[in-house]
Amino acid sequence: MTVALAFKYFAEEQVDIAVIEVGLGGRLDSTNIITPVASLITNISLDHQSMLGDTITAIAAEKAGIIKPSVPAVISMKQLEAQEVFETKAEEMQAPLLFADDQFRVDVTSSNLQRQVFQVYYKEQVFLQGLELDLAGSYQKYNLPGVLQVLKLMHELGYAISDKAVRTGLANVKALTGLKGRWQVLQQEPLMLCDTGHNEDGVKQIVKGLEQLQTKQVHIVFGAVNDKDVSTILALLPKHYTYYFCEAAIPRALPVSELLLKAQHIGLNGTAYTTVAEAIAAAKANATPDEVIFVGGSTFVVAEIEEL
């Protein structure tokens with residue numbers, strides 16, 4: 001119902017372009033009723049296995065459900081396990097298929113906790129110099145080729161999207177959209193960050209980002225939902241960090257008592273808290289000004305952060 005209401009609102013407001021994000025999977029998602037200008041699929045990681053399948057190939061088949069007859073499909077990142085799935089579906093739908101990272105290469109030239117700058121190449125020729133993105137997080141370099149490929153397609157279809165508009169939009173994503181929770185700085189001394197990454201690949205990128213901070217200690221506030229293989233996620237987390245386990249105030253939340261047992265079985269040391277707020281308060285009480293607090297594990301945990 002909420003999807004239908006959103007579409008009705010967009011129609012009444014006569015929006016030029018609506019960016020519709022799939023809720024879960026693709027093939028059976030309620031957003032999939034539309035026929036888009038282009039379909040964009042980002043890199044795939046194991047996620048929601050109980051509903052989407054327990055292999056990259058199976059999940060790709062669900063994602064491929066958004067590829068429509070004769071509508072261009074863009075894949076942000078070529079992955080061996082998923083490539084044939086997309087090629088087969090695109091051929092079946094007679095849809096042009098583009099692997100964006102075959103066309104675009106993005107090199108990070110500078111980055112900090114607030115923004116990063118890229119040198120962008122198209123077919124190995126300089127395409128956009130000094131492209132700014134106000135989203136931190138090393139994983140954004142995997143998203144950017146797909147975005148640029150879709151924008152190029154739209155330009156070819158007659159949409160007047162200038163390089164200036166591309167630069168302005170990417171440099172001001174947070175201000176223009178209100179996007180929150182993606183490698184977001186919440187406070188300083190101690191530095192407190194959050195990120196909604198919650199699958200295997202997302203957590204790997206988060207750990208990589210935390211390690212790059214080269215801090216004395218990291219305090220992790222962590223919660224999960226009950227339809228994920230949380231043990232696989234927990235196994236990716238460093239054992240020398242300090243953990244504050246919690247559960248979001250939603251029916252899907254994995255009970256914190258179960259989460260703590262799973263974490264202890266893997267060798268993670270921490271304490272259980274009944275709410276996200278209590279876990280964050282404990283982390284703040286324990287962390288020294290030169291340490292880092294990270295809040296994540298689930299979008300629903302991040303959504304309960306008061307400072308967000």
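Structure: see above.
Numbers given to residues run from 1 along each chain, matching the order in which its sequence is written. Note on the predicted model: pLDDT of at least 70 is required for a residue's local features to be given, and 80 or more for side-chain atom pairs to be given and counted; whole-chain, interface and lining totals, by contrast, use all residues. Side-chain figures throughout are based on the complete set of non-hydrogen atoms in the structure, without hydrogens or water.

A. Looking closely at the sheet that holds strand 3 (residues 97-99). Any two strands with at least two DSSP-identified bridges between them are counted as paired. Secondary structure is summarised from DSSP: a helix means a run of H or I of at least four residues, a strand means a run of E of at least two, and numbering begins at the N terminus for each. Taken together, the 3 strands give an open sheet; going across it, the order is 1-2-3, and neighbouring strands pair in parallel fashion. Here the strands that pair on one side only, and so sit at the sheet edges, are strand 1 (39-41) and strand 3. Going across the sheet, the axis of each strand differs from the next one's by a mean of 20°, ignoring polarity. Note: strand 1 against strand 2 (residues 73-75), 3 bridges, orientation parallel. The residue of strand 2 that forms the bridge with isoleucine 41 is isoleucine 75. Two residues form a contact once any of their heavy atoms are found within 4.5 Å. For helices, the fitted axis covers only the stretch in contact; all axes are lines through C-alpha atoms, and the angles between them, taken along N-to-C directions, range from 0 to 180 degrees. Most of the contacts of helix 6 (residues 140-156) go to strand 2, to which it runs at about 155°, and overall it touches strand 1, strand 2 and strand 3.

B. Representation of the sheet that holds strand 9 (residues 218-222) within the structure. Reading across the sheet, the 6 strands line up as 7-8-12-9-10-11 and stay open at both edges, with mixed pairing between neighbours. Strand pairing shows two members of the sheet lacking a second neighbour, strand 7 (184-187) and strand 11 (270-272), which therefore form its edges. This sheet shows a mean twist of 20° between the axes of neighbouring strands, independent of strand direction. By the bridge criterion, 4 bridges tie strand 9 to strand 10 (residues 242-245) in an arrangement that is parallel. Bridging across to strand 10, phenylalanine 222 finds its partner in phenylalanine 245.

C. Main features of the pattern of salt bridges. For this analysis, a salt bridge means a side-chain nitrogen from Lys or Arg found within 4 Å of a carboxyl oxygen belonging to Asp or Glu. The full count for this structure, using the stated rule, is 12 salt bridges. One salt bridge in this structure joins lysine 8 and glutamate 12, with 2.3 Å as the shortest N-O distance. Within this pair, lysine 8 and its partner glutamate 12 are both found in helix 1 (residues 2-13), separated by 4 residues, close to a single helical turn. Under the relative-accessibility criterion, lysine 8 is labelled partly exposed at 49%. Linking lysine 78 and aspartate 102 is a salt bridge whose minimum nitrogen-to-oxygen distance equals 2.8 Å. Linking lysine 78 in the loop between strand 2 and helix 4 (80-93) with aspartate 102 in helix 5 (residues 100-103), this pair joins segments that are 24 residues apart in sequence. Owing to a relative accessible area of 33%, lysine 78 belongs among the partly exposed residues under this scheme. The rule is simple: take the accessible area with a 1.4 Å probe, protein chains only, and divide by the maximum for that residue type; under 20% is buried, over 50% is exposed, in between is partly exposed. Among the residues examined, aspartate 102 registers a relative accessible area of 46% and is labelled partly exposed. The network of salt bridges with shared partners includes Arg105, Asp107 and Glu124.

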